[in-house]
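Report on the structure
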Amino acid sequence: MRAKVRSTRRLRAVGTTLTVATAALLLSAPVTADAAVQRCTTPPAVYPIDQLTDGMQATGWTVLKGTQPESFGVKILGVLKDAIAPGDDVILVRAHGSNIDAIGGMGPGFSGSPVYINDQLVGSVSYGLGGDAHYGALTPGQELVDILMNPRARTATSATRVSLTRADRRIIARDSKTSIQSVGTTLSQIPLPLAVAGATDARATKLQEMLAKQGISVAPYRASSSTSSSQLSGDPMVPGGVFTAALSYGSVAYAAVGTTTIVCGDYVVAFGHPFLFQGGGPAGAMLDGSVVATVRGGHPFKIANIGGLEGSLDQDRLNGVRGITGKQPVLTTLTSSIKNLDTGQTRTATTQVAFPRYLAYIAEDHVYASVLAALDARKGTDWITWTVNGVSKGTPFEFSVTNAYTGNNALWRPAYDVYATLRSIRNAQGPARITSVHIDGTVTEKPEYAAIHKPRTRSTTQPGFQTGTTLDVHKGDTVDVRVPVQQVSSGDVYTAAASFTVPTGVRGSGRLYVFASRTSFYTRRNLPLDQTIAQLLKTPLGTDLSIYVRFRGVHAIRFTIPTEWPLKGFKDVDLHLIK
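Everything numeric here is computed off the predicted structure, so don't read it as measured data. (Residues numbered from 1 in each chain as written. Predicted model: local features only at pLDDT ≥ 70, side-chain atom pairs only at ≥ 80, totals over all residues. Heavy atoms only, no water.)

Remarks on the overall build of the protein chain
The secondary structure content of the protein chain amounts to seven helices and 34 strands. Overall, the C-alpha framework of the protein chain stretches about 100 × 55 × 45 Å when taken along its three principal axes. Here the protein chain, with 579 residues, has 54% of them falling under the buried criterion. Of the contacts formed within the protein chain by residues at least 6 apart in sequence, a portion of 70% connects residues at least 24 apart. Surface accessibility of the protein chain: about 24700 Å² in total, with carbon and sulfur atoms responsible for 50%. Taken together, the 56 basic and 41 acidic charged side chains of the protein chain have centroids lying 11 Å from each other. (Helix = DSSP H or I, 4+ residues; strand = E, 2+ residues; numbered from the N terminus. Buried < 20%, exposed > 50% of the residue type's maximum accessible area, 1.4 Å probe, protein only. Contact = heavy atoms within 4.5 Å. Areas by Shrake-Rupley, 256 points an atom, 1.4 Å probe, with all protein chains shown as cover. Lys, Arg positive; Asp, Glu negative; His and termini not counted. Charge placed at Lys NZ, Arg CZ, Asp CG, Glu CD.)

In structure tokens form, the structure reads like this:
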């Protein structure tokens, strides 16, 4: 079997490359070590939970606009024993004050707001009531200090909802001077506002649904793109200030917004409930932010812009998260440079991804947004190269793939192919960590594709090339195929040539199909990394012509022929077996 391509001219090269780098190439730039972490030596004093009595007054702090925390009143209504888990109580409260009344209570973005009595930490706002948003519950102060000083694994499942007994509801009904029937039956973790930039509403909703299946409650909203710098800002974080936990930031951002509870040494505690419930170890990027507005509604909602990088998260526990200021998080950098050939303009973008688990998903958004911004149309022709750098078992690796797309595929397919590539690497035996992905390409609104014309065929039994729909063959015949593909804008013609032998084991007539290759960058799970990369590099591309031959009683014959342009069309020829 042999295949070749003849063309009238050569416009551009399409292909894949693999490079095994030396250890010196692991990082493109030197990275300085993190400064020694300043540990917390004087944690905040905690107001003893067993000394709380109904009707006590406390003071909460949170940001309602800008970056400056402001105070609000908090009335203690009671302690619900073992509400979160055995040994984990919550403190039932009502928030009040002119600022709280103006927005209707507490809601998304309040998670972590510290509450004090006589400068002692009572707890943080963490749970809300389904009805009146003035009512909610605090995570006790000692639980928050434990995360600060002695984070530990928990055997309990995260409690996203706390059932209220009739006695609990009666307390709220009495305080609000309403009927017990109007009081909700559960307290729920206050959803974290999820600032989303560079992704469609549909994608944000999809991520929300993915997280909900894991018991994680977020409420997406449209935010502006943030800085993509990986440099630490060094701005001080304060209790009651804005706290942001980011899956990613930059051109594509998915970042949960809440409130800082404790700052001690270089450690910061926030939220009063989990973010992704990752436990200990690297758990994302910690940033600050600025509240644009707190919107009144059924439950008030903080809309915030993502701020600068402050450090990394190292704890994501049942009763809150902990970050370390000044500690560089482990980031994967996505960069893109897409040039529009029609206008000459180039669009660049950078996204920092802090959660490897979501890298492929976020990369899909990054590529889609980059191509859309550069093309600014629903269809066209793309030539896209993505280069993946990573390290596995201490050894760096790098590989690149170039593919072409046309029509409606030009807008969404490059993003999907990058997604599939990164998922394949994640699913390989490794372990492998991807350190960077760069996307480079060109786009045009012009239909720069080639149409597949009728193949010309001949056989030993039926010599002389013809374009008929049926070809006579015998067992053992040599069949020659010539497929013209013509570039629609220039008229240039390629002729793809191939030959194969009719197997002697055939038992009936067959058919020869000619079509544009169907690209798929998914590989089988748990292959060794080198085999995974090798399969990715062998994936048929959008510029490859596929020839598929099928007879009854024998295995199919498949091969691909590279061409210069993305292809469109489908043709077939009956192979009539003469006995």
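This is not the end of the story, as more comes after the structure.
Let's talk about the environment of Gly-468
Among the structural elements, Gly-468 can be located in the loop between β26 (456-459) and β27 (470-473). The exposure class of Gly-468 is partly exposed, given its relative accessible area of 27%.

Remarks on the environment of Val-479
Mapped onto the elements, Val-479 comes out in strand β28 (residues 478-487). In this structure Val-479 comes out as buried when scored by relative accessible area, which is 0%. Spatially, the C-alpha atoms of Val-479 and Val-502 are 7.2 Å apart, while their sequence positions differ by 23 residues. Those residues within four positions of Val-479 in sequence are excluded, and the remaining contacts are Arg-458, Ser-459, Leu-471, Val-473, Ala-498, Ser-499, Phe-500 and Val-502.

A look at the state of the cysteines
Enumeration over the complete set of coordinates arrives at one disulfide. Disulfide pairing places Cys-40 opposite Cys-264 at an S-S distance of 2.0 Å. Handedness of the Cys-40-Cys-264 disulfide follows from its S-S torsion of about 80 degrees: it is right-handed. Of this pair, Cys-40 sits in the loop between β2 (16-19) and β3 (57-62) while Cys-264 is found in strand β14 (residues 253-264), placing the two residues 224 residues apart along the sequence. Of the two residues examined, Cys-40 and Cys-264, each falls in the buried class. (Disulfide = S-S within 2.5 Å.)

Examining a positive patch on the surface
Together, Lys-475, Arg-507, Arg-552 and Lys-579 line one region of the surface with positive charge. You can see Lys-579 is positioned in the segment after β34 (570-577). On the basis of relative accessible area, Lys-579 is assigned to the exposed category, the value being 87%. (Patch = residues over 30% accessible without salt bridge, like charges linked within 9 Å, V, L, I, M, F, W, Y side chains within 5 Å. Salt bridge = Lys/Arg side-chain N within 4 Å of Asp/Glu carboxyl O.)

A word on the packing of aromatic side chains
Overall, the coordinates contain 16 aromatic pairs when judged by the stated rule. Look at Phe-243 and Phe-271: their rings are 5.3 Å apart centre to centre, the planes differ by 80 degrees, and that puts the pair in the edge-to-face class. With a gap of 28 residues between them, Phe-243 in strand β13 (residues 242-250) and Phe-271 in the loop between β15 (267-270) and β16 (279-280) connect regions that are remote in the sequence. Of the two residues, Phe-243 and Phe-271, neither departs from the other in class, the shared state being buried. Ring centres of Trp-412 and Tyr-416 lie 6.5 Å apart, and the angle between their planes is 65 degrees; on these two criteria the pair is classed as edge-to-face. Of this pair, Trp-412 and Tyr-416 both sit in helix α6 (residues 409-426), four residues apart, which is roughly one turn of the helix. Among the residues examined, Tyr-416 registers a relative accessible area of 28% and is labelled partly exposed. Ring pairing ties together the aromatic residues Phe-243, Phe-271, Phe-275, Phe-355 and Tyr-358, which thus form one cluster. Of note, Arg-203 hangs over the ring of Tyr-361, and the distance from its end group to the ring centre comes to 3.8 Å. The ring of Phe-465 carries Arg-456 above its face, with NZ or CZ at 5.6 Å from the centroid. (Phe/Tyr/Trp six-rings, centres within 6.5 Å; stacked < 30°, edge-to-face > 60°. Lys NZ or Arg CZ within 6 Å of the ring centre and 35° of its normal.)

Some remarks on the confidence of the model for the protein chain
Averaged over the protein chain, the pLDDT score is 89; the fraction of residues at 70 or greater is 92%. Predicted confidence is poor over residues 1-33, with pLDDT under 50, and the contacts of this stretch with residues over four places away or in other chains come to 66 contacts. (pLDDT = per-residue confidence, 0-100.)

Looking at α6
Look at α6: 25 Å from first C-alpha to last across 18 residues, which is about the 26 Å you get at 1.5 Å a residue. Of all 18 residues in α6, 13 are buried, a share of seventy percent or more. (Expected span 1.5 Å × (residues − 1).)

Quick word on the sheet that holds strand β30 (residues 510-516)
Pairing within the open sheet is mixed, and its five strands lie in the order β27-β34-β30-β31-β32. A single partner strand is all that each edge strand has here, and the edge strands are β27 and β32 (557-562). With strand direction ignored, the average angle separating the axes of adjacent strands in the sheet is 20 degrees. Across six bridges, the pairing between β30 and β34 is antiparallel. In the strand pairing of β34, Phe-515 is matched with Phe-570. (Pairing = 2+ DSSP bridges. Axes fitted to C-alpha atoms, helices over the stretch in contact; angles between N-to-C directions.)

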